[in-house]
Each structure stands twice: as C-alpha cells, then as structure tokens.
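Listed below, chain by chain, are the residues.
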Amino acid sequence: VQLVESGGGMVQPGGSLRLSCAASGFTFSMYDMTWVRQAPGKGPEWVSAINTGGGSTYYADSVKGRFTISRDNAKNTLYLQMNSLKPEDTALYYCARVSKLVEKEYDYWGQGTQVTVSS
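Here is what the cut-offs are and how they apply
- Residues numbered from 1 in each chain as written.
- Predicted model: local features only at pLDDT ≥ 70, side-chain atom pairs only at ≥ 80, totals over all residues.
- Heavy atoms only, no water.
- Helix = DSSP H or I, 4+ residues; strand = E, 2+ residues; numbered from the N terminus.
- Rg over C-alpha atoms; globule rule 2.2 N^0.38 Å.
- Buried < 20%, exposed > 50% of the residue type's maximum accessible area, 1.4 Å probe, protein only.
- Contact = heavy atoms within 4.5 Å.
- Disulfide = S-S within 2.5 Å.
- Salt bridge = Lys/Arg side-chain N within 4 Å of Asp/Glu carboxyl O.
- Lys, Arg positive; Asp, Glu negative; His and termini not counted.
- Polar contact = N/O pair within 3.5 Å; in protein donor to acceptor, adjacent residues only side chain to side chain.
- Pairing = 2+ DSSP bridges.
- Core = buried A, V, L, I, M, F, W, Y, C linked by side-chain atoms within 4.5 Å.

Caption draft 1: Up close: the overall build of the protein. The secondary structure content of the protein amounts to 0 helices and 11 strands. Ordered by position from N to C terminus, the α and β elements of the protein give β-β-β-β-β-β-β-β-β-β-β. Here the C-alpha atoms of the protein give a radius of gyration of 13 Å, agreeing with the 14 Å that 2.2 N^0.38 yields for 119 residues. Each of the 119 residues in the protein was classed as buried or not, and the buried ones make up 43%.

Given below as structure tokens:
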C-alpha cells in the first residue's frame, strides 16, 4: 500500500490549494478515505472523509463550507480542494486509508504535504 500526497505549498489568507493523494497497492475503490492534518505543536486533527463511491462526504466543523473532498476511482486518486484558507489551516496534511469510518481508525498513511497560509 502506498499513499503519496502532493499539492501543498504556501498561500496567502483567502487563497486556494488543491491537494492530491495518489493511491497504489490496493483496490482504491473499495476503501473509504480521509484527510487528517497536524499543525506544529498540536495533535492530529481529522479534516474530512469520503465513502467508496464518493457519494457521502464528511467534514470537520472547522473546514465545512471551505474544503471539498472528492475522489476519482478510475485514477486511484483522492483530492482535497481548499478555499478561503486561513492561517489556522497551516499544517501537514495526510491522506489515509480508512479501516473503520465511524471509529476514525486508519490503517495506512501517506507521508504528508505541507500547507502554509501566511501573508
């Protein structure tokens, strides 16, 4: 199993970024997927999740209305569109494969991609 995030970078407040997570080594379409972030000096924070078909999505209150999770099962890729970014969104963003959605249990993680929101 391999998960590789990309798309991070530095952006000004109010800007946008689109993160991608390329999955390989497993049948991507059979797993729910999630994004988790970790800010410097803080613990991991769940951001968003999506079911296998992409028809059900879930968001933390802190990002609801600003972030959109999606997936392309034909391309084995997970996305996170982030709009109206705030300095408090600065973090290392990880994609992860979900083993238990409700319990927020994840069995494989990517290496992370850094998002920095600063003027």
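Caption draft 2: How the structure looks around the environment of Tyr31. Its location among the elements puts Tyr31 in the loop between strand 3 (17-24) and strand 4 (33-38). Measuring from C-alpha to C-alpha, the distance between Tyr31 and Asp107 comes to 11 Å, with 76 residues separating the pair along the chain. Ignoring any residue separated from it by four or fewer positions in sequence, one finds Tyr31 in contact with Phe26, Thr52, Arg71, Arg97 and Val98.

Caption draft 3: A look at the state of the cysteines. Overall, the coordinates contain 1 disulfide when judged by the stated rule. Across a sulfur-sulfur distance of 2.0 Å, Cys21 and Cys95 are joined as a disulfide pair. Handedness of the Cys21-Cys95 disulfide follows from its S-S torsion of about 50 degrees: it is right-handed. Taken together, the positions of Cys21 in strand 3 and Cys95 in strand 9 (residues 91-100) put the pair 74 residues apart, joining distant regions of the chain.

Caption draft 4: Representation of the pattern of salt bridges within the structure. Enumeration according to the criterion identifies 5 salt bridges in this entry. One salt bridge connects Arg66 with Asp89, and the closest N-O pair in it is separated by 2.7 Å. One end of the pair, Arg66, is in the loop between strand 6 (57-59) and strand 7 (67-72); the other, Asp89, is in the loop between strand 8 (77-82) and strand 9, with 23 residues separating them in the sequence. In this structure Asp89 comes out as buried when scored by relative accessible area, which is 1%.

Caption draft 5: Quick look at the side chain of Arg71. With respect to the element layout, Arg71 can be found in strand 7. Within the buried core, Arg71 has no salt-bridge partner, and the shortest N-O distance to an opposite charge, that of Asp32, equals 5.2 Å. Side-chain polar atoms of Arg71 contact the backbone oxygen of Tyr31, separated by 2.8 Å. At 3.3 Å, the side chain of Arg71 forms a polar contact with the backbone oxygen of Thr52.

Caption draft 6: Expanded view of the pairing of strand 7. A one-sided burial pattern is seen for strand 7, the buried positions being Phe67, Ile69 and Arg71 and the unburied ones Thr68, Ser70 and Asp72. Relative to strand 8, strand 7 runs antiparallel, the two being bridged by 6 bridges. Pairing of Ile69 across the sheet is with Leu80, part of strand 8. Here strand 7 folds back onto strand 8, and the loop between the two strands holds 4 residues, one of which, Asn76, carries a positive phi near 55 degrees.

Caption draft 7: Structural context of the nonpolar core. Trp35, Phe67, Leu78, Leu80, Met82 and Tyr93 are the most contacted members of the largest nonpolar core, which has 33 residues in total. Elements represented by at least two residues in this core include exactly strand 3, strand 4, strand 5 (44-50), strand 7, strand 8, strand 9 and strand 11 (113-117). Broken down by element, this core gets its largest block of residues, 5 residues, from strand 9. Dropping the residues within four chain positions of it, Met82 is found in contact with Gly15, Ser16, Leu17, Leu19, Arg66, Phe67, Tyr93 and Val115.

Any functional reading would require information beyond the geometric quantities listed.
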